[in-house]
Amino acid sequence: MFGFGLKDVGIDLGTANTLVYIKGKGIVLREPSVVVKNKRTEEIVAVGSQAKNMMGRTAESIIAIRPMTDGVIADYDTTLIMIKHYLEEAFKAVGSKWKSGTVMICVPFGITSVEQRAVLNAARSAGAREAFTIEEPFAAAIGAGLPVWEPVGSMVVDIGGGTTEVAIISLGGIVSSESIRVAGDAFDVEIIHYIRKTYNVLIGERTAEALKLGIGSAAVLEESQKTISMDIRGRDLVTGFPKTVQVTAGEIVEAVKEPIAEIIAGIKTALEKTPPELSSDVLENGIVLTGGGALLKNLDRVISNETSMPVSIADHPLDCVALGTGKALENMDKFRRQLSIK
């Protein structure tokens, strides 16, 4: 039977996106962490990409929910439904069915025992025989190919949707870290606020994200780049009618300035807590950026300028956490001491 023996799964359960890694197959599913529900009947209308496409376009009785907030479960029941759905879809993609197996889920560094227990209970309720958690920055470092088991300091900054995880890792453990509740979603929120304040026009999350991906930048390095623009549509708060405005790259730089400053402050705090020997390793080897937020143009240069350290973006930054989780799953004997087992 095709798919026989497939049972162990790694899940990057993110605020913005969920990725599923099946042992022996790699990453087989990437979907937004969004669920659309009917408020009156409690019926699930859509999950994932289909649900995200409905955001901002539903009737009053239909609501779009992001069950994960800042990397932890905010709505347990909806998260459980989402996990079950993604497990079924992931195994369907490889011609198999989800059976009870080992599930490893990424969690932000420093979450409470209650938050961690909620994640493990959700995995078990979804059918897992065994459930483990692995810290996001550790998984990101593994996925980025950093020498986490060597006696050398490696620094990773994982900029996800809800949190930015900063960690210095050596000999299979996190030596110093910072978890910052500012990441990619905060960029979108600040863009929405900026457009409202500057143009008196209200835009939605999807439009803000389109601006960020289209012309977003952490800094404008050349004068000519400031005038690169994009037309967007929103609702005029004075007339109530739809309105089109032209937004420039320079304006997006201004809009995202504050969340970037908070991320840089967190990086500096983590570095200040790092032992001198490991600090010298980081100075030599540099900082590696992972996560979707790492794709914001020129963010690596801004962080490099502020820290006076070399900064690089990992290959496939969106996949690093899921890939690291999968590698941990495939080397369980080696990783058991680093996992939170409950």
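Residues numbered from 1 in each chain as written. Predicted model: local features only at pLDDT ≥ 70, side-chain atom pairs only at ≥ 80, totals over all residues. Heavy atoms only, no water.

> Just checking my understanding: could you explain helix α10 (residues 299-307) for this structure?
Helical periodicity: at 3.6 residues per turn, an α-helix aligns residues three or four positions apart in one direction. All of the buried residues in α10 are Leu-299, Asp-300, Val-302, Ile-303 and Thr-307. Angular distribution of buried residues about the axis of α10 spans 165 degrees; they occupy a single face of the element. Taken together, the buried residues of α10 touch β11 (154-159), α8 (257-272), β17 (287-290) and β18 (311-313). Two residues or fewer after α10 comes Ser-308, characterised by a positive phi angle close to 60 degrees. (Buried < 20%, exposed > 50% of the residue type's maximum accessible area, 1.4 Å probe, protein only. Helix = DSSP H or I, 4+ residues; strand = E, 2+ residues; numbered from the N terminus. Arc of directions from axis to C-beta. Contact = heavy atoms within 4.5 Å.)

> Is there a simple way to think about the pairing of strand β4 (residues 35-38) in this case?
Two faces make up the sheet, and in a regular strand the side chains alternate between them. Every second residue of β4 is oriented toward a common face, with Val-35 and Lys-37 on one face and Val-36 and Asn-38 on the other, all of them buried. Sheet topology note: the β4/strand β5 (residues 44-47) ladder contains 3 bridges and is antiparallel. Following the sheet pairing, Val-36 is matched in β5 by Ala-46. Here β4 hands over to β5 after 5 residues, with Glu-42 in that stretch at a positive phi of 65 degrees. Looking at chain direction, β4 and strand β6 (residues 62-65) are connected through 4 bridges and run antiparallel. If you follow Val-35 over to β6, its bridge partner there is Ile-65. (Pairing = 2+ DSSP bridges.)

> Where do I start with the sheet that holds β6 in this structure?
The strands making up a sheet are joined through hydrogen bonds of the backbone, oriented either antiparallel or parallel. The 3 strands are arranged β5-β4-β6 in an open sheet whose pairing can be described as antiparallel. Either end of the sheet is taken by a strand with one partner, and the two such strands are β5 and β6. Mean inter-strand twist for the sheet, computed between neighbouring axes without regard to direction, equals 20 degrees. Across the face of the sheet, helix α2 (residues 76-93) comes into contact with β4, β5 and β6 while running at roughly 55 degrees to β5. (Axes fitted to C-alpha atoms, helices over the stretch in contact; angles between N-to-C directions.)

> Is there a simple way to think about the side chain of Glu-251 in this case?
Along the chain, Glu-251 falls in helix α7 (residues 249-255). Buried charge without a partner: Glu-251 forms no salt bridge, and the closest opposite charge is Lys-243, 12 Å away. Setting aside residues no more than four positions away along its own chain, Glu-251 makes contact with Tyr-194, Thr-198, Tyr-199 and Gln-246. (Lys, Arg positive; Asp, Glu negative; His and termini not counted. Salt bridge = Lys/Arg side-chain N within 4 Å of Asp/Glu carboxyl O.)

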